[in-house]
Each structure stands twice: as C-alpha cells, then as structure tokens.
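Understanding the architecture of this molecule
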Amino acid sequence: MHAGLRITAFAAALAATFGTAYGVGQGVGPVTEDETPARHDAHTGDSEPGHSGHESPPAGGLQISENGYTLDLRTPRLAAGRTADLRFAIRGDDGRAVTAFRREHDKELHLIVASRDLNTYRHLHPTRAADGTWSIPVSLPRAGGYRVFADFTPEKKGAENLTLGADLAVSGTYAPRNLPAPDTTATTDGYEVKLGGALRPGAARELKLTVSRNGRPVTDLQPYLGAYGHLVALRSGDLAYLHVHPGGEPGDGSTEPGPDISFTATAPSSGTYRLFLDFKHEGKVRTAAFTVRAGAAATGEEASEEAPHESSGEHGH
C-alpha cells in the first residue's frame, strides 16, 4: 500500500452451474496499501516513472500460489444472506501457515471480496490466530460467484508484496445482474462523489475524486488506514485487480482532508472497470463505486443501470 500506483493483475475464468441453488467458481486463466508512514509507494504492477521512484515487480495475482506462497481458502462456500466466518491461511512452500507479516497501512493483511458481476464489494481486515489461520464474519447478499483477494507482505527479508486470489461460491437462488452503466457521479449514504480524469491503457493518469454532502464540499475527511482514501479497480469480465492509493497522506504538510482525493493509475489494458473508493467521515467508512471505460476496445461493451451497487458495508478495523 504505497504512494502512487499499485497494480496487480488477476485472471479467472469461472466454471459455474447455477440452478436455484449455487455455482462453484474455478479461476483458471490469465487476466487484470508500506510501513514507512511518510509515503505510499507502489506494490505491484507496471512501473511509473516520476511517481514512486521504484520499479514495480511483475504483475501477479493470477494464481492462488505465487513465489512460494499459497492462499488456502478453507471456506470455499457460503450461503447468501447468512453471516458466517470466512477462514483461510497463507502457506509457505513448506506447507506451514505463515504467522509473520509486515504491517502495511496499519494491517498485516487486506482482504477484498467482490462478486463477479461487480455489484457487491467488501474491503475487510480479518483477524489472525496464533496458528496462522485468518477469519472474519461476512455476509454476502446474493448467490453467485465471488473472488477473494488476499493482499499481504511476508515478514521475511527480501519478501515482496503479493496478492493471491481464490474463487468463492455463494449458494442460493441465482439471479444474474448487469454491470452498472458508466457514470462520473456516485452517491452513497447521503454523500456525492464526483470522478474526474480517466483510465488510460499503459499510461499514468490522475484520477481525482471529490466528496460532498448536501451540496457542500467535505473538508474534514478522516484518516482511514493511514490515508484519506483508498481506491480499488476491478476489470469487468476477468476481475483484473488494481489497488491504488493517493500520493499524499494525513499530516504530511501538503495533503488536505478533502474534498479532493487524488490518485495516479495506469490501466493494464482497454476494458471496462469498476472503481471502489473507501473514505471515512464522522467515524464511518463509506464506499462509492463507479463504472469507467479505458481505451477504445471498451466502447462497444454494453452496461445497464438496472442493478444498484452494493456498497462496502463491512470493514474490518
């Protein structure tokens, strides 16, 4: 979790059968926050000169295993609308659960859960037991295929940040939903967030998100995990994953607590993306979501406004 850009590519083709029960996802194919408090540098993705000053490692996250680490999802299925513990472990190449992680943005591990139709999104922070098992209560509203992303850095000399992914099936009556149509304004819990800028394939561009409430700019945003905002982007179709954070941070002498939150991002390809902005105000974390298109290849894709976004109603703190 660093300043500027962090991009991790993911791939998953979902093999699922849904009747009135549930479908089981199997991700198989390719697709697409630092302990130092004074800056947020890129974790993964394409390097961006002039922003982080670091070369980003090769795009990862396509696999459930990478660099000797494996995401062991012990809860592969949940029931829609019911709260249950989501349990998993990160295993090393010796098969043992990892119990030492570097804290990044106040947490040892960040967990993202998103439905494959991108209408439901959760940014969670589970609890780790002494034996290395992570768990958190979660309730997902609708049946279907979901993707679980575990974002972490092992506490090991030379270890790099990793984001591993696994598929999660949620049982119940499955009703397909369309991706919300592209828009530059999102509303959530009485707040309005406007999106300025655009994603461009292979080119760094600024995204500026402006928060207001009741027509007035919000100028007293609160720090959340060491920043005034966190941005995740998922590519429609394969759930390619970008995790982006603002270049500034609270207390650095130049970053204002709103209404604007700026990010630098590079789209890994043309396509349609769903952006999820987490921000904190008056003690509560809220999520605003946008559908955007990057590149000419996305212009022919169809989207619908029929399905409202399920905002991130669960945050682990």
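It should be emphasised that the depicted structure is a prediction, and the values quoted were computed from it without experimental measurement.

1. Observations concerning the overall build of the protein
Broken down by element type, the protein carries zero helices and 20 strands. The proportion of buried residues among the 317 residues of the protein is 53%.

2. Details of the nonpolar core
Judged by nonpolar contacts, the single largest core of 27 residues is most densely connected at Leu199, Leu275, Phe279 and Phe290. Each residue touching phenylalanine 290, except ones within four places of it in the same chain, is listed here: Asp183, Thr184, Thr185, Ala186, Val193, Leu195, Leu209, Tyr273, Arg274 and Leu275. Counting residues in each nonpolar core, the second largest holds 26 residues, with Ile136, Val138, Ala150 and Leu162 among its members.

3. Topic: the sheet that holds strand S6 (residues 109-115)
With respect to topology, five strands assemble into an open sheet ordered S4-S11-S10-S6-S7, the strand pairing being mixed. Of all the strands in the sheet, the pair left with one neighbour each is strand S4 (77-79) and strand S7 (121-124). The mean angle between the axes of side-by-side strands here comes to 25°, regardless of whether they run parallel or antiparallel. Bridge count for S6 against strand S10 (residues 144-152) is seven bridges, and the pairing is antiparallel. Following the sheet pairing, leucine 111 is matched in S10 by alanine 150.

4. Digging into the packing of aromatic side chains
Per the stated rule, a full pass over the model turns up seven aromatic pairs. Each ring, one from phenylalanine 149 and one from tyrosine 241, has its centre 4.8 Å from the other, and the planes form 25°; the classification is stacked. Residue phenylalanine 149 is found in strand S10, and its partner tyrosine 241 is found in strand S17 (residues 241-244); the two are separated by 92 residues along the sequence. Looking at phenylalanine 149, the relative accessible area reads 1%, which means it is buried. For tyrosine 241, a relative accessible area of 0% corresponds to the buried category.

5. With respect to the pairing of strand S11 (residues 162-171)
Regular strands show a simple pattern: their side chains alternate between the two faces of the sheet. Most of S11 sits out of view: nine of its 10 residues are buried. Relative to S11, S10 is paired through nine bridges, and the arrangement is antiparallel. Paired with tyrosine 146 across the strands is leucine 168, a residue of S11.

6. Quick word on the side chain of arginine 235
By the element assignment, arginine 235 lies in strand S16 (residues 230-235). Of the polar contacts made by the side chain of arginine 235, one reaches the side chain of serine 269; its length is 2.3 Å.

7. So, the environment of arginine 96
Within the secondary structure, arginine 96 is located in the loop between strand S5 (84-91) and S6. Each C-alpha atom, one on arginine 96 and one on threonine 70, is 10.0 Å from the other, the two residues being 26 residues apart in sequence. In this view, arginine 96 contacts Ile90 and Arg91; residues no more than four positions away in its chain are not counted.

8. Brief notes about the sheet that holds strand S3 (residues 69-73)
Think of a sheet as strands paired side by side through backbone hydrogen bonds, with each pair either parallel or antiparallel. As summarised here, the arrangement of the five strands in space is S2-S3-S5-S9-S8, forming an open sheet in which the pairing is antiparallel. Single-partner strands in this sheet number two, and they are strand S2 (65-66) and strand S8 (127-128). In terms of strand pairing, S5 meets strand S9 (residues 133-138) through six bridges, oriented antiparallel. Residue pairing for S9: leucine 86 is matched across the bridge by isoleucine 136.

Reading the values: rules and limits
Residues numbered from 1 in each chain as written. Predicted model: local features only at pLDDT ≥ 70, side-chain atom pairs only at ≥ 80, totals over all residues. Heavy atoms only, no water. Helix = DSSP H or I, 4+ residues; strand = E, 2+ residues; numbered from the N terminus. Buried < 20%, exposed > 50% of the residue type's maximum accessible area, 1.4 Å probe, protein only. Core = buried A, V, L, I, M, F, W, Y, C linked by side-chain atoms within 4.5 Å. Contact = heavy atoms within 4.5 Å. Pairing = 2+ DSSP bridges. Axes fitted to C-alpha atoms, helices over the stretch in contact; angles between N-to-C directions. Phe/Tyr/Trp six-rings, centres within 6.5 Å; stacked < 30°, edge-to-face > 60°. Polar contact = N/O pair within 3.5 Å; in protein donor to acceptor, adjacent residues only side chain to side chain.

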